[in-house]
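# Analysis of the macromolecular model
If you want the building blocks of each chain, they are given just below.
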Amino acid sequence: MFKGPAGFGRFNLAVNVLTACIVLGFAIPLVFEAFTGIAILSPGSYAATFVLTYCCGYAGGDLIPSAMWAQKLSDALKVKSGTVRYVINAVIIGGVMGTIILFLAGFVNNFAEGGFGAVWGFFSLLWLPCVVVSIVEVLVVSGVITKMAISVSGFNPANAPAETPPEL
């Protein structure tokens, strides 16, 4: 299940989303509490936020090629520095994933009760803090998770033959 190139991608995605959910499971309720004064962080709310963000994040991460977008942007800017490429990767992936997770979580939690206005209110209130948290999370853990994925899968994308990515 986690062997070879597909296993590398699956493991990398699953563990990156897992760490994002651990972080966002705390961040979303705490930021909401800071803005509204309503205390909503409890073991139950954390568990619900974690499960919801994992489902949204895994599906979004699998369907939206944000890592490829980051690579294409780095190539278009002719970035040679590994550190700068890593930061671009973190900003693109963290921004996209934080946005997807937050919007879908807001939709699931608010649409039935308050319609799209409630979804937009939730999303617009929490978007910037959650995207910043997501970018920092990717900056902090992505390198470690990639090394774990290489170890578990036996596949290192740096040693793979170069191929042209499909046009998006």
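Here we summarise the structure given alongside this text. Please read these numbers as outputs of a predicted model, since none were measured by experiment.

What counts and what doesn't
- Residues numbered from 1 in each chain as written.
- Predicted model: local features only at pLDDT ≥ 70, side-chain atom pairs only at ≥ 80, totals over all residues.
- Heavy atoms only, no water.
- Phe/Tyr/Trp six-rings, centres within 6.5 Å; stacked < 30°, edge-to-face > 60°.
- Buried < 20%, exposed > 50% of the residue type's maximum accessible area, 1.4 Å probe, protein only.
- Salt bridge = Lys/Arg side-chain N within 4 Å of Asp/Glu carboxyl O.
- Helix = DSSP H or I, 4+ residues; strand = E, 2+ residues; numbered from the N terminus.

### A short note on the packing of aromatic side chains
- In the structure shown here, the tally under the stated rule is nine aromatic pairs.
- Relative to Phe116, the ring of Phe103 lies with its centre 6.3 Å away and its plane at 55°, an arrangement referred to as tilted.
- Owing to a relative accessible area of 46%, Phe116 belongs among the partly exposed residues under this scheme.
- Site record: aromatic cluster; members linked through ring pairs are Phe26, Tyr46, Phe50, Tyr54 and Tyr58.

### As for the pattern of salt bridges
- Going through the model one piece at a time under the given rule, you end up with one salt bridge.
- The salt bridge partner of Arg85 is Asp75, with a shortest N-O separation of 2.8 Å. Of this pair, Arg85 sits in helix α4 (residues 82-153) while Asp75 sits in helix α3 (residues 66-76), and the two are ten residues apart along the sequence.
- We classify Arg85 as partly exposed; its relative accessible area is 25%.
- Judged by its relative accessible area of 43%, Asp75 falls in the partly exposed class.

Honestly, it's all geometry; don't read function into it.
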